[in-house]
Amino acid sequence: MKQKFNPEENYNKSREQIGYISRKDATQADYDRIGFMSGLEVHQQLKTKEKLFCHCPAGVYNKHEDYDAELIRHMRPTLSELGEYDGTALMEFRTRKEIIYRINNNSACTYDVDDTPPFPMDQEALDISIKISLLSKLNIVGEVHVTRKQYLDGSIPTGFQRTAIIGVEGELTLKHKKIRLIQLSIEEDACREISDVGHVRTYQTDRLGMPLIETVTYPDCVNPEEVRETCDYIRFLNRSTGKVRTGIGAGRQDVNVSCRGGTRVEIKGVAHTKWIPELTHIESFRQWALLHVKELLNERFQDPSSWKMQSKKLSIHNYKFSYAPLKEAKEQQYHIVGVNLPGFHGILSHFTQPGKMFADEITDRLKVIACLEKPNMTHSEAFENQISATDWNKIKKLLKAAEEDAQLVFWGPEDDIKTALETIEERCRMAFEVVPNETRKSFEDGTTIFERVLPGADRMYPDTDTPPKPLSNEKIEELSKNLPTDIIVRYRQLKKWNIPEDTFTYIFSKNYFLLIEKIIKELKLEPSMIGTFFGHRLKFVEGHYTPAEAFDYELIYSMFKYLLDEGLDTELANYMLPVIYEHPKMDFDSVLTVINFKKVSVEEIIARIPFLRDKFKEIRHSDKKKDECDWIMGELRRIARGNTSMKALYTNVNGK
């Protein structure tokens, strides 16, 4: 008797067959086995007064409901210089999206909505981009040529983004290797997406047109942690200039990943660098899994070009569908379609990502290309029986399915059915040939979903509205003066100062190095203590307290100088910082009053030790010297803090 097919067992078996391993258990040998390769495109908003090609203020944001007008657009593809259409543009055109832009008069103008030609490129933004290019050891171009990069997803009302290359062929020096850079470009930021439901996508235009740089690396990273380290390095280097914006959305990265035999897949808009290791790990194995799917299908079909799926519209009256989405589809009077996939038995439930299978590759594309909101389909290899065995048998009979086939059922408005069928067949045919080039959206758990076809060179063409801008050697020489030190130099200095390494990321991400250096050199304070103060104490305060206004971090320097001038122990800074952070205009004398500090001489503190020693003998439960010292220290700590160091006090208490 033939054993009944178990989709969950098939999922687990295919996971084992490709050798999937969790990131925490993975070694370099595992990444070498699948040929892990990754590079980055790191985007960073520049801190300028105006947008890149108009005089609107940069960095002014509006709430979603705060707008003065709405503009509706329908995007259409244009031919490249070679007379060809970009694949991404064609895919977006198939979605038949209606794009709505919400415009606030304080943050957008007629240029943003393509009713006015561009103004000259903002000089402040150009200068910052050149400085960062020089820091990245890139070769600066002789002329800045603005080109148009086509975007039909609606994120830019013009349908294209103006962008220009500033520097080419540079390198970064990490702790253990060098990462090559392809280029650094300056470009205008896109709109903020508010919603994307069905055929309607809505954007806010406040962020549109803000100056943005993009640093592109070669695929030199050979494991996930290396990708994160490279991304952090680029972000730290950008921030070291003090000329870039920080905060949510100010820095975003696209991560390019592939495996041996796979293809470049771009994980788009990764918001946090801490997500990168898991995302790149899972994506490399997703491609490895798809290569296994390709191998299985090509074993089953000698001539893949002969493969053809079959579909039939299902009459809702012939089936007893209890699955809620199918019931809702009936109420919406959607078309319900059954599809037979010849030879796909065991493929739909094949592992691709943790918690995802090949069927998810199809349903994701139905959402994006055919605009069918999820859930939009079910299939014969789902873990849960969303359609009864009786109904599946009816569907198989209608489709004339064989044992080695798989089936799926999808639903949607009549106008979207043709596109949906084309999308299903297209994705299944790809499974025979290649891991698709695509852009994918990231999630915190490390999984991704299809977002769009990966753009090609056909999306680029010259911008006829903006003339080339020459860059003189004199200008470049001027901008190369007073550049901040390289991040690797700062890293080595922190190591030399014996500052704990767990503080480095925070120090670099907040660009505190120069302030730390100033305190150490000018106030002659112990480097390890200052580094720990910033990396631990300040980090805690920033995470748990809210300043009344923008905090001036130079106050930390002034606070330590005040303590030294007053002859007070610097440990007081730990207690003063939360008060100063919340009330930056309060003078330091008042801060000491708030924390109940009272100045007491060291002699007076030490004079109390004999009395406390006698007191301990009366109440003690232990004869150990350490217990006596700890108790006395506890009694003296409140009056001692700020008046003497705890280390010196302990020496006196211990009698040494």
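Okay, so let's go over this structure. No experiment lies behind these values; they were computed from the predicted model shown.

### As for the pairing of strand 21 (residues 448-453)
Every other side chain in a regular strand lies on the same face of the sheet, so the side chains alternate between the two faces.
(1) Moving on: Bridge count between strand 20 (residues 438-442) and strand 21: five bridges; the pairing is antiparallel. The residue of strand 21 that forms the bridge with Thr439 is Arg452.
(2) Moving on: What sits between strand 20 and strand 21 in their antiparallel hairpin is a turn of five residues, with Gly446 showing a positive phi close to 100°.

### With respect to the packing of helix 14 (residues 513-523) against helix 15 (residues 527-544)
(1) Moving on: The interhelical angle for the contact between helix 14 and helix 15, taken along N-to-C directions, is 145°, at an axis separation of 10 Å. Pair helix 14 / helix 15 crosses with right-handed handedness. Contacts between helix 14 and helix 15 involve Leu515, Ile516, Ile519 and Ile520 from the first element and Pro527, Ile530 and Phe534 from the second.
(2) Moving on: Of the residues assigned to the contact of helix 14 with helix 15, the class counts are seven nonpolar, no polar and no charged.

### Structural notes on the sheet that holds strand 19 (residues 406-412)
(1) Moving on: An order of 14-15-19-18 is seen for the four strands of this open sheet, with the pairing classed as antiparallel. Single-partner strands in this sheet number two, and they are strand 14 (310-313) and strand 18 (377-379). Adjacent strand axes in the sheet meet at a mean angle of 20°, parallel and antiparallel pairs treated alike.
(2) Moving on: Where strand 14 meets strand 15 (residues 335-341), four bridges bridge the pair, whose relative direction is antiparallel. Looking at the pairing, Ser311 lines up with Val339 of strand 15.
(3) Moving on: Each of strand 15 and strand 19 touches helix 7 (residues 324-331); the most contacted strand, strand 19, lies at about 45° to it.

### Some details on unusual backbone geometry
(1) Moving on: With omega at -5°, the peptide bond leading from Lys374 into Pro375 counts as cis.
(2) Moving on: With a phi angle near 70°, Asp114 is a residue other than glycine that sits in the positive phi range.
(3) Moving on: Phi at Lys524 takes a positive value of approximately 60°, unusual for a residue other than glycine.
(4) Moving on: In this structure, Lys524 sits in the loop between helix 14 and helix 15.

Cut-offs and rules
Residues numbered from 1 in each chain as written. Predicted model: local features only at pLDDT ≥ 70, side-chain atom pairs only at ≥ 80, totals over all residues. Heavy atoms only, no water. Pairing = 2+ DSSP bridges. Helix = DSSP H or I, 4+ residues; strand = E, 2+ residues; numbered from the N terminus. Axes fitted to C-alpha atoms, helices over the stretch in contact; angles between N-to-C directions. Left-handed = near helix turned anticlockwise from the far one by under 90°. Contact = heavy atoms within 4.5 Å. Nonpolar A, V, L, I, M, F, W, Y, C, P; charged D, E, K, R; others polar.

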